[in-house]
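# Structural characterization, general
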Amino acid sequence: MTTLLIAEHDNSSIKDSTNKALTAAAALGGEVHVLVAGQNAKGAADAAAKLAGVKKVLLADDAAYAHDLAEPLAALIVALAPSYDAFVAPATSRFKNVMPRVAALLDVMQVSEIIKVVSSDTFERPIYAGNAIQTVKSKDAKKVITVRTSTFAATGEGGSAPVENVASAADPGLSSFVGEEVAKSDRPELTSAKIIVSGGRAMQSRENFAKYIEPLADKLGAGVGASRAAVDAGYAPNDWQVGQTGKVVAPELYVAIGISGAIQHLAGMKDSKVIVSPITAWWLISIRQFPNSPRRSASSESNDDARTGQNGVPALRLECSQL
């Protein structure tokens, strides 16, 4: 069995999600090849070649892959399909866009966001916002898999795989790049941050996010997250959202401020090693460590955030002043 891992990268380096997806790909058995598709992406290909367990790196260097358009990348993967039995990618926003197209073009079922490889054709994945674990056995000859990287350890360096250039596939011409607005920050990326400070609706305004959440994150060297309620209210940008419809994270420390603990949010951060909730004066600071520590039952986000909003910001102001 030979597996093709599609790398998440920035053309110069490989992102941590690729290292974690490689762990899952290696568990399938057989050789693992890595596809790096981009423009001027030789640096990323060289970095992928150093990962332990990688047998070969395929470099598709073309302007068609410069802006993460899903259709050209899906066409490239399908063009390479005859040589591979499985196609694996991290379950990032980029590959949530690409891999379903690959599965459709290959006429197979995608196995999404696996958290465990049982065997080469059997996997575990969460359903119902993580409240149940489903075991899936795929009978398709070619497997298309996305990996929830928060549950896999990152593969380190130690390899020296050859890098081979591959020809670009014909561009389907179904989409074109118009422009982009990229938010630049010195803070670590949410999905790879070891510490995350998140705020909820109880922060009451964008100004309070900037006044309390962001300085605390900067002091801790942390990434900044937000609940969906806070994002919908305009307190935080979309790329900060943590939860079932946002990003799934598993940091060493997750600080939740003014967040109710609704199941939709828990689905995105319950794998954190330590969760700290310094929320209000009336609610004792709780430190919950999964999986053995008791969990507060998930409740209505609107009800909890409304109650928290009464005293949450004054209490947070007092705590932040003591840092």
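Residues numbered from 1 in each chain as written. Predicted model: local features only at pLDDT ≥ 70, side-chain atom pairs only at ≥ 80, totals over all residues. Heavy atoms only, no water.

## Examining the overall build of the protein chain
Scanning the protein chain from terminus to terminus reveals 8 helices and 15 strands. Burial statistics for the protein chain: of 323 residues in total, 48% are counted as buried. (Helix = DSSP H or I, 4+ residues; strand = E, 2+ residues; numbered from the N terminus. Buried < 20%, exposed > 50% of the residue type's maximum accessible area, 1.4 Å probe, protein only.)

## Things to note about the pairing of strand E7 (residues 122-127)
Bridge count for strand E6 (residues 116-119) against E7 is 3 bridges, and the pairing is antiparallel. Bridging from a neighbouring strand, serine 119 pairs with threonine 122 of E7. In sequence, E7 turns back onto strand E8 (residues 132-137) through a hairpin of 4 residues, with tyrosine 128 there showing a positive phi of about 50°. (Pairing = 2+ DSSP bridges.)

## Digging into the sheet that holds E6
Within a beta sheet, neighbouring strands are joined by backbone hydrogen bonds and run either parallel or antiparallel to one another. As summarised here, the arrangement of the 3 strands in space is E6-E7-E8, forming an open sheet in which the pairing is antiparallel. The open sheet has two edge strands, E6 and E8, and neither has a second partner. Averaged over all adjacent pairs, the angle separating strand axes in this sheet is 30°, with direction ignored. (Axes fitted to C-alpha atoms, helices over the stretch in contact; angles between N-to-C directions.)

## Comments concerning the packing of aromatic side chains
According to the stated counting rule, one finds 2 aromatic pairs in the structure shown. Both rings, one in tyrosine 84 and one in phenylalanine 87, keep their centres 6.3 Å apart while their planes meet at 65°; by these two values the pair is edge-to-face. (Phe/Tyr/Trp six-rings, centres within 6.5 Å; stacked < 30°, edge-to-face > 60°.)

## Some words on the sheet that holds strand E9 (residues 143-147)
Spatially, 7 strands are ordered E5-E9-E4-E1-E2-E3-E10 in an open sheet, and the strand pairing comes out parallel. Edge positions in the sheet fall to strand E5 (110-114) and strand E10 (163-165), since each has one partner strand and no second. Each neighbouring strand pair of the sheet contributes to a mean axis angle of 25°, computed without reference to strand direction. Sitting on the sheet, helix H1 (residues 16-27) is in contact with strand E1 (2-6), strand E2 (31-38), strand E3 (54-61), strand E4 (86-90) and E9, with an inclination near 150° to E4. Helix-sheet contacts for helix H3 (residues 70-80) involve E1, E2, E3 and E4, and the interaxial angle to E2 is about 145°. (Contact = heavy atoms within 4.5 Å.)

## Side note on the packing of H3 against helix H4 (residues 93-106)
When two helices pack together, their arrangement is captured by the angle between the axes and the distance separating the axes. Relative orientation of the contacting elements H3 and H4 amounts to 45°, with a least axis distance of 9 Å. On the basis of the axis angle, H3 is oblique to H4. For the element pair H3 and H4, the recorded crossing hand is right-handed. Counting all contacts with H3, which are made through Ala70, Glu71, Leu73, Ala74, Ile77 and Val78, the residues of H4 involved are Arg94, Phe95, Asn97, Val98, Met99, Arg101, Val102, Leu105 and Leu106. Partitioning the contact of H3 with H4 into residue classes produces 11 nonpolar, 1 polar and 3 charged. (Parallel < 35°, antiparallel > 145°, perpendicular 65-115°, else oblique. Left-handed = near helix turned anticlockwise from the far one by under 90°. Nonpolar A, V, L, I, M, F, W, Y, C, P; charged D, E, K, R; others polar.)

## Digging into the nonpolar core
Counting residues in each nonpolar core, the largest one holds 31 residues, and the members touching the most others are Val34, Val36, Val57, Ile145 and Val147. Sorting the residues of this core by element identifies H1, E2, helix H2 (42-49), E3, E4, E5 and E9 as the ones contributing at least two each. If near-sequence neighbours (up to four positions away) are discounted, valine 34 is found in contact with Leu4, Leu5, Ala7, Ala48, Val54, Lys56, Val57 and Leu58. Listed in part, the 26 residues of the second largest apolar core include Ile6, Tyr65, Ala89 and Val98. (Core = buried A, V, L, I, M, F, W, Y, C linked by side-chain atoms within 4.5 Å.)

## With respect to the side chain of histidine 9
If you trace the backbone, histidine 9 turns up in the loop between E1 and H1. For histidine 9, the side chain forms a polar contact with the main-chain nitrogen of asparagine 11, separated by 2.9 Å. Within the local environment of histidine 9, its side chain forms a polar contact with the backbone oxygen of alanine 37, the two atoms lying 2.8 Å apart. Once residues lying within four places of it in the same chain are set aside, the contact partners of histidine 9 are Ile14, Lys15, Val36, Ala37, Gly38, Ala41, Ala44 and Arg94. (Polar contact = N/O pair within 3.5 Å; in protein donor to acceptor, adjacent residues only side chain to side chain.)

## Brief notes about H2
For H2, the set of buried residues is Ala44, Ala45, Ala48 and Ala49. Projected down its long axis, H2 shows its buried positions confined to an angular sector of 140°, all on one face. Looking at the buried residues of H2, the elements they touch are E2, E3 and E10. (Arc of directions from axis to C-beta.)

## Comments concerning unusual backbone geometry
Positive phi outside glycine occurs at asparagine 11, with the angle close to 80°. As for its position among the elements, asparagine 11 is in the loop between E1 and H1. On the accessibility criterion, asparagine 11 (22% relative accessible area) is partly exposed. Non-glycine residue aspartate 107 carries a positive phi angle of around 60°. Within the secondary structure, aspartate 107 is located in the loop between H4 and E5. Given the relative accessible area of 69%, aspartate 107 is considered exposed.

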